[in-house]
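Here is what each chain is made of, one letter per residue.
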Amino acid sequence: MHAAFKAWDRASEPLETTELRIHDGAPLEGLPKRAHWYLNTLRHLFPWSTPKPGAVVLDIGSGLGYVMEAALEQYEPRRLIGLDVASSMIEKAKARLQRDSVTDPRLEFLIYDGITIPLPDDSVDYVYSVAALQHVPKVYVYNLFLEIKRILSPTGFCAIHLLSCNNIREHSRSVPFAQEIGSQLRGEDTHWHHFYAFDELLCVLADGVEAKQIDVVDGEVSIWASYAKTGPAFHRPDLPMEAHLARIQKRQIAAGSARSPQAGRLARLPFATWQRLSVGRVMRAAKRMVRAAASTVRPVPAAESGATTGTSHAARLAGSDLWPQDPALLPWYDQDNWADALAGMRGKRKLDDSDVVMLRKWCEDGYVVVPGLVGTELIDAFVREIDDVWERSNPIAGLAVSDVILDEGYRVHVPHGDLVQLDPEHRRRIKEVSNWRIGEYHLYSQAARRIFDHPGISRIASTIFARRGEPRYSLMFSKGTEQGLHQDTCVFHIFPRNFMMGVWIACEDITHESGPLEYYPGSNRTPLFAEFSNYPQTNRRTSDPEQSKRYDEHVVNLAKSFQKHELLIKKGDVMFWHPMLIHGGCPRLDRLATRKSYVLHVIAEGCDVGGRVKGPFNW
Ligand SMILES: O=C(O)CCC(=O)C(=O)O
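Just so you know, these numbers come straight off a predicted model, no measurement behind them.

### Some details on the overall build of the protein
Helix and strand content of the protein: 20 helices and 18 strands. Burial status across the protein gives 42% buried among its 619 residues. The long-range share in the protein, meaning contacts at least 24 apart out of those at least 6 apart in sequence, stands at 79%.

Right under this line is the structure:
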């Protein structure tokens, strides 16, 4: 089995965990609706390809069978076959369907070796695949295109959903590109992502696969393709001129192969005309993308989509610069009916009693503390690596230590390479007197990375969000920060609002004298500062000095209505806090006392829209 398939074959993982993990944390109760949405989109984009009742239908990458369940309803097939690379996933799909009382003799499953679909030539009327092939290395997908063509009946069609290259930038914000590629190179057992471009699909399908009736629609996040075995090369007459035919004809002419008079004319065009054609193509493609986005990327309610909500809305803003402020977009825990939602989730998401207690506290108080969540051995390893930053003699490339007091005065960031030039005793003194911190230490330290990716932390975050949470930022603090009161919503750019949380990991027992974190339970339920009316564009990071001052006063006044708490927790304990919870750093009564902590900011997938906000920025 190829390393990329490992993430789908975790035989010992319980069904409930697999269910949460492979659907990117999308709420389980929304999965049937999401499945119908995928099929409706295929039907809308490629109506001619929709199978007739009685067809033989194949689902590629059938996972836990939610889309098959929808296909059973929508297509009334004679046979509906789920193909998956993992036998354990097939077993779980069967168990899941049985659990949800979906028993239908038309449902079948087949195991796929990733190379040859175990079905005869010309035997399937409709092949579809959604939210699956992005995890598969391209060579397998290209080969699969050939296999699909082989098994399709002469009148059959396939329709496929993939991730668009347009999504790479957004994706790299949550998983840095180097990390994505690194995990693939190392064959790590995680979800790999591959992206496709419009021209690429046309060329691969037309030239490589020699498919027919090809159509490709590039949305802003997804890219959708459909093809058949027989018929003309392209389904839409505008496709060849836009992207493909001219290129093929040029190549054919260069190779001296048979060509049409039209192709000959094209090939003889001067280079400048080719360039013009290319600009025209780009413009037509852009228009088509806008059309496709308008028709296919409809506003997706937060509860329905795990991955695209923030991006879709953000892209739709391009013309207006106005961000929707619809309270219905807020997470379930910020809705007035959160108690009902929690009761509903209890059964549907199989939450245990402790989860329900935790979620209730989250909704009411805006925080939860989980004692001993991170093992002390891991914390000790983390602290040792931090100490090593100060003691080692060779520099760590790219690492900087921040808020350092050197002999010549305060420096915001000191490259590690500069620090190691100083003699060890000098460094020890600097370490003691500075209130130093290290940003994004998970990129440099194995122990920090293990905490950053801690399964217990991500499970709790995803349980709270009811969708996949991703750690995005990390900060190691050596001492109390004495930070002013603030709410993280107002310093990050999150859309839909409040799909984030702070995670505070104690790296030693925290004392009152060291200047602990202070926080105000219940303040999470207060409205956003009224002047941030175009949030996430308008917040503390983009406000002018006067507005920043007004926000700071607002939050200090607001805190007065709540009781102040100090976070006096033990090494390995973890606090999760709501992004509207007012918090800050208490005064450090003992100026030399350390207060070692590691703080993560976890954001629901697709909701970190910092890259779409316009500056100037205050930091
Ligand atoms: O640890 C602290 O004192 C403050 C941490 C904090 O507010 C944050 O990182 O958002």
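Next comes the rest of the account.
### Description of the pairing of strand S13 (residues 500–506)
A regular strand carries its side chains on alternate faces of the sheet. Of all the seven residues making up S13, seven are buried; the element is thus mostly covered by neighbouring parts of the structure. Neither face of S13 is left uncovered, since the one carrying Met500, Gly502, Trp504 and Ala506 and the one carrying Met501, Val503 and Ile505 both have all their residues buried. Where S13 meets strand S16 (residues 574–577), four bridges bridge the pair, whose relative direction is antiparallel. Bridge assignment links Gly502 to a residue of S16, and that residue is Trp577.

### Side note on the site of the ligand
For the ligand, the full set of nearby residues is Leu475, Phe477, Thr481, Gln483, Asp488, Gly502, Leu517, His583, Gly585, Ser597 and Val599. Those elements that provide at least two residues to the shell around the ligand are strand S12 (469–477), strand S17 (583–585) and strand S18 (597–604). Along the lines of polarity and charge, the residues of the shell around the ligand split into four nonpolar, six polar and one charged.

### Comments concerning the pairing of S16
Here S16 shows two buried faces, one formed by Val574 and Phe576 and the other by Met575 and Trp577. Looking at chain direction, strand S8 (residues 367–370) and S16 are connected through four bridges and run antiparallel. Bridge pairing links Tyr367 to Trp577 in S16.

### Some details on the sheet that holds strand S1 (residues 56–60)
The strand order across the open sheet built from seven strands is S3-S2-S1-S4-S5-S7-S6, with neighbouring strands paired in mixed fashion. The open sheet has two edge strands, strand S3 (107–111) and strand S6 (212–218), and neither has a second partner. Within this sheet the neighbouring strands show an average axis-to-axis angle of 15 degrees, counted without direction. Relative to strand S7 (residues 222–228), strand S5 (residues 152–163) runs antiparallel, the two sharing seven bridges.

### What to know about the nonpolar core
Among the nonpolar cores identified, the biggest contains 73 residues, and Val67, Val127, Cys158, Leu205, Ile223 and Ala225 are the most heavily contacted of them. The leading source of residues in this core is S5, at seven residues. Ile379, Val404, Ile438 and Ile569 belong to the second largest nonpolar core, which has 70 residues in total.

### Side note on the environment of His161
You can see His161 is positioned in strand S5. Separated by 27 residues in the primary sequence, His161 and Gln134 have C-alpha atoms spaced 8.6 Å apart. Once residues lying within four places of it in the same chain are set aside, the contact partners of His161 are Tyr38, Ser129, Val130, Ala131, Ser222 and Trp224.

### Observations concerning the packing of helix H2 (residues 31–45) against helix H3 (residues 66–75)
The description of two helices packed together rests on the angle between their axes and the distance between the axes. Put simply, H2 and H3 touch, their axes get as near as 8 Å, and they point 60 degrees apart. Compared by their axis directions, H2 and H3 come out oblique. For the pair H2 and H3, the crossing hand works out as right-handed. Only Tyr66, Val67, Glu69, Ala70, Ala71 and Gln74 of H3 make contact with H2, whose side of the interface consists of Leu31, Pro32, Ala35, His36, Tyr38 and Leu39.

### What about the sheet that holds strand S14 (residues 517–519)?
As summarised here, the arrangement of the three strands in space is S15-S14-S17, forming an open sheet in which the pairing is antiparallel. Across the chains shown, the open sheet's two edge strands, defined by having one partner strand only, are strand S15 (565–566) and S17. Where S14 meets S17, three bridges bridge the pair, whose relative direction is antiparallel. Its bridge partner being in S17, Tyr519 is matched across the sheet by His583.

### As for the packing of helix H13 (residues 338–348) against helix H14 (residues 353–365)
Packing of H13 against H14 brings their axes to within 11 Å, and their N-to-C directions diverge by 165 degrees. As the angle between them shows, H13 and H14 are arranged roughly antiparallel. Crossing geometry of H13 relative to H14 is assigned as right-handed. On H14, the residues touching Trp338, Leu342 and Arg346 of H13 are Val356, Leu359, Arg360 and Cys363. In terms of residue class, the contact of H13 with H14 is made up of five nonpolar, no polar and two charged.

### Let's talk about unusual backbone geometry
Cis geometry is found at the peptide bond from Phe495 to Pro496, where omega equals -5 degrees. Note the cis peptide between Tyr535 and Pro536, where omega equals 5 degrees. Counting through the fold element by element, Pro536 comes out in the loop between S14 and helix H20 (545–559). The phi dihedral of Glu440 falls on the positive side, at around 50 degrees, and the residue is not glycine. Tracing the sequence through the fold places Glu440 in the loop between strand S11 (437–439) and helix H18 (446–452). Here Glu440 falls in the partly exposed class, since 17 other C-beta atoms lie within 10 Å of it. Although it is not a glycine, Asn498 adopts a positive phi angle of roughly 75 degrees. As for its placement among the helices and strands, Asn498 is situated in the loop between S12 and S13.

### Description of the environment of Glu425
By the secondary structure assignment, Glu425 is in helix H17 (residues 424–433). The exposure class of Glu425 is exposed, given the 8 C-beta atoms found within 10 Å. In the structure, Glu425 is positioned 34 residues away from Glu391 in sequence and 9.5 Å away in space, judged by C-alpha atoms.

### Focus: the confidence of the model for the protein
Of the residues in the protein, 86% have a pLDDT of 70 or more, and the chain-wide mean is 85. Here residues 242–246 scores under 50 on pLDDT; set against residues more than four positions off or in separate chains, the count is 16 contacts. In the model, residues 257–320 has pLDDT below 50 throughout and makes 88 contacts with residues more than four positions away in sequence or in other chains.

### Details of the environment of Tyr140
Counting through the fold element by element, Tyr140 comes out in helix H5 (residues 138–151). Taking C-alpha positions, Tyr140 is 6.8 Å from Ile115, a pair spaced 25 residues apart along the chain.

About the cut-offs
What you see as residue numbers is a count from 1 along each chain, following the sequence as written. Local features in a predicted model are, by the rule used here, given only for residues with pLDDT of at least 70; side-chain atom pairs are given and counted only at 80 or more, and totals for whole chains, interfaces and linings are based on all residues. The numbering of helices and of strands both runs from the N terminus, where a helix is a DSSP run of H or I of at least 4 residues and a strand a run of E of at least 2. Counting other C-beta atoms within 10 Å of each residue's C-beta, where C-beta atoms are placed from the backbone, gives the exposure class: buried for 20 or more, exposed for 12 or fewer, partly exposed between. Here the contact rule is simple: place C-beta atoms from the backbone, and any two residues whose C-beta atoms are within 7 Å are in contact. A pair of strands is considered paired only if DSSP assigns at least 2 bridges between the two. By definition, a residue lies near a molecule or strand when the C-beta atom built from its backbone is within 6 Å of it. Classes in brief: Ala, Val, Leu, Ile, Met, Phe, Trp, Tyr, Cys and Pro nonpolar; Asp, Glu, Lys and Arg charged; the others, Gly included, polar. Axes, fitted as lines to C-alpha atoms, cover a helix only where it is in contact. Angles between the N-to-C directions of the axes lie from 0 to 180 degrees. Buried Ala, Val, Leu, Ile, Met, Phe, Trp, Tyr and Cys residues whose C-beta atoms connect them within 7 Å together make up a nonpolar core. When an angle is under 35 degrees it counts as roughly parallel; over 145 it counts as roughly antiparallel; between 65 and 115 it counts as roughly perpendicular; any other value is oblique. Crossings are classed by handedness, with left-handed meaning an anticlockwise turn of the near helix from the far one by less than a right angle and right-handed meaning a clockwise turn. In predicted models, pLDDT denotes the confidence assigned by the predictor to each residue on a 0 to 100 scale.

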